[in-house]
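Inside the fold
Now for the letters of each chain:
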Amino acid sequence: MKHLYKLDNAAKLFVSIKNKKNIPIFRVSVVIKEEVNPEILQKALDITIKRFPTLSLMIKKGLFWNYFEENHRKLIIQEDKYYPCYNINNKLNNGYLIRVGYYKYRIFVEIDHSLADATALISFLKSLLYHYFILVGKKIDDKNEDVFKDNIHTAADCDDSFLVHTKSKRKLYKEKKIKDIYLIKGKPLKLYGDNVVHGILSLDNIKKESKKYNMTITSYILSVLAYSIYETE
């Protein structure tokens, strides 16, 4: 019998807003020094996917609501031939909502946002890279390597992280009043074509700037982008 999973609040949101104009898929990728070996990458994926049961899921429609179901089919790597983050057709992807691929020196993972956030996907990518490098004969010396090579998942992998991390803060959220709301202004992208923005930043410099405003790197970059859009309108 296959195990079923309920959609958490975030998953319900992303599933409900998904359409042809709004596809909630994101990518994380790395560039390595040697050209990617597809056969070894597939072997590394076969090992890694077993460690992340909540990424090995397919979405199903019930009578009243959607739900996730275990997927034991093989996840096949793909060569990157199109534009980033195009829609994942789960019927053509053996039911998966995650896509793993390569192009020359790049290894990437794309996923439907209803299934995971960036933190979870980065952990998956690290584990994938660990097994890939081991299979190509590289030596890995990292104090966290047990996390990457471990093939046994834990009960925590199936937790609803939103409930876990906000349980003690719910009262605070209710009492906290939002004084100022920043409205992001800008023009939507044209319906035709696809747009990719590349940027290269110094990690040390961006860390220093973020600390000045007591912000995470992600929050700082998003704020800068929003401010830049507002200023140019």
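You'll find the structure just up there.
Bringing helix 3 (residues 118-135) into the picture now. Residues lying three or four places apart along an α-helix face the same way, a consequence of the helix completing one turn every 3.6 residues. Taking 1.5 Å per residue, 18 residues should reach 26 Å; helix 3 reaches 26 Å between its end C-alpha atoms and fits that length. Regarding helix 3, the residues found buried are L121, F124, L125, S127, L128, L129, Y130, H131 and Y132. Sitting at the head of helix 3, D117 places a side-chain oxygen 3.4 Å from the backbone nitrogen of T119.

This brings us to the pattern of salt bridges. The full count for this structure, using the stated rule, is six salt bridges. K138 serves as the salt-bridge partner of E34, at 3.2 Å between the closest nitrogen and oxygen. On the criterion of sequence distance, the pair formed by E34 in the loop between strand 2 (25-31) and helix 2 (38-48) and K138 in the loop between helix 3 and helix 4 (145-149) is long-range, its members being 104 residues apart. K138 gets classed as partly exposed once you look at its relative accessible area, which sits at 37%. The partner of R99 in a salt bridge is E110, with the nearest N and O atoms 2.3 Å apart. Remark: E110 occurs in strand 7 (residues 106-112) and R99 occurs in strand 6 (residues 98-103); sequence separation between them is 11 residues. We note that R99, like E110, is buried.

Turning to the packing of aromatic side chains, a few remarks are in order. For the structure shown, the criterion picks out five aromatic pairs. Summarising the aromatic geometry, the rings of Y82 and Y86 are spaced 5.4 Å apart at their centres and angled 75° between planes, so their arrangement reads as edge-to-face. For Y82, a relative accessible area of 59% corresponds to the exposed category. Among the residues examined, Y86 registers a relative accessible area of 19% and is labelled buried. Taken together, a centroid distance of 5.8 Å and an interplanar angle of 70° make the contact between Y83 and Y86 edge-to-face. Looking at R27, its charged tip hangs above the ring of F108, at a distance of 4.0 Å from the centre. Between the NZ or CZ atom of R99 and the centre of the ring of Y86, over which it lies, the distance is 3.8 Å.

Let us now look at the side chain of S210. As for its placement among the helices and strands, S210 is situated in helix 7 (residues 203-212). Excluding residues within four positions of it along the chain, S210 makes contact with M215, T216, I217 and Y220.

Here the focus is the packing of helix 2 against helix 3. At a minimum axis distance of 8 Å, the contact between helix 2 and helix 3 shows a crossing angle of 130°. With respect to helix 3, the axis of helix 2 lies oblique. Regarding helix 2 and helix 3, the two cross each other, and that crossing is right-handed. The segment helix 2 lies against helix 3, with I40, L41, K43, A44, L45, I47 and T48 engaging F124, S127, L128, H131, Y132 and L135.

What follows covers a nonpolar patch on the surface. On the surface, L201, I221, L222 and L225 cluster together into a nonpolar patch covering about 390 Å² of accessible area. Inspection of the secondary structure puts L201 in the loop between helix 6 (170-175) and helix 7.

Looking now at unusual backbone geometry. In this model, C85 sits at a positive phi of 65°, which is unusual for a non-glycine residue. In this fold, C85 is placed in the loop between strand 5 (78-79) and strand 6. Take C85: its relative accessible area is 23%, and that puts it in the partly exposed class. Of note, the phi angle at K104 is positive, near 55°, even though the residue is not glycine.

With that settled, the discussion passes to the sheet that holds strand 7. The four strands are arranged 2-7-6-5 in an open sheet whose pairing can be described as mixed. Bordering the open sheet on either side are strand 2 and strand 5, each of which pairs with just one other strand. Here strand 5 pairs with strand 6 via two bridges, running parallel. Across the sheet, the residue bridging to Q78 is G101, located in strand 6. Where helix 3 meets the sheet, its contacts fall on strand 2, strand 6 and strand 7, and the angle it forms with strand 7 comes to roughly 145°.

The rules behind each value
Residues numbered from 1 in each chain as written. Predicted model: local features only at pLDDT ≥ 70, side-chain atom pairs only at ≥ 80, totals over all residues. Heavy atoms only, no water. Helix = DSSP H or I, 4+ residues; strand = E, 2+ residues; numbered from the N terminus. Expected span 1.5 Å × (residues − 1). Buried < 20%, exposed > 50% of the residue type's maximum accessible area, 1.4 Å probe, protein only. Polar contact = N/O pair within 3.5 Å; in protein donor to acceptor, adjacent residues only side chain to side chain. Salt bridge = Lys/Arg side-chain N within 4 Å of Asp/Glu carboxyl O. Phe/Tyr/Trp six-rings, centres within 6.5 Å; stacked < 30°, edge-to-face > 60°. Lys NZ or Arg CZ within 6 Å of the ring centre and 35° of its normal. Contact = heavy atoms within 4.5 Å. Axes fitted to C-alpha atoms, helices over the stretch in contact; angles between N-to-C directions. Parallel < 35°, antiparallel > 145°, perpendicular 65-115°, else oblique. Left-handed = near helix turned anticlockwise from the far one by under 90°. Patch = residues over 30% accessible without salt bridge, like charges linked within 9 Å, V, L, I, M, F, W, Y side chains within 5 Å. Areas by Shrake-Rupley, 256 points an atom, 1.4 Å probe, with all protein chains shown as cover. Pairing = 2+ DSSP bridges.

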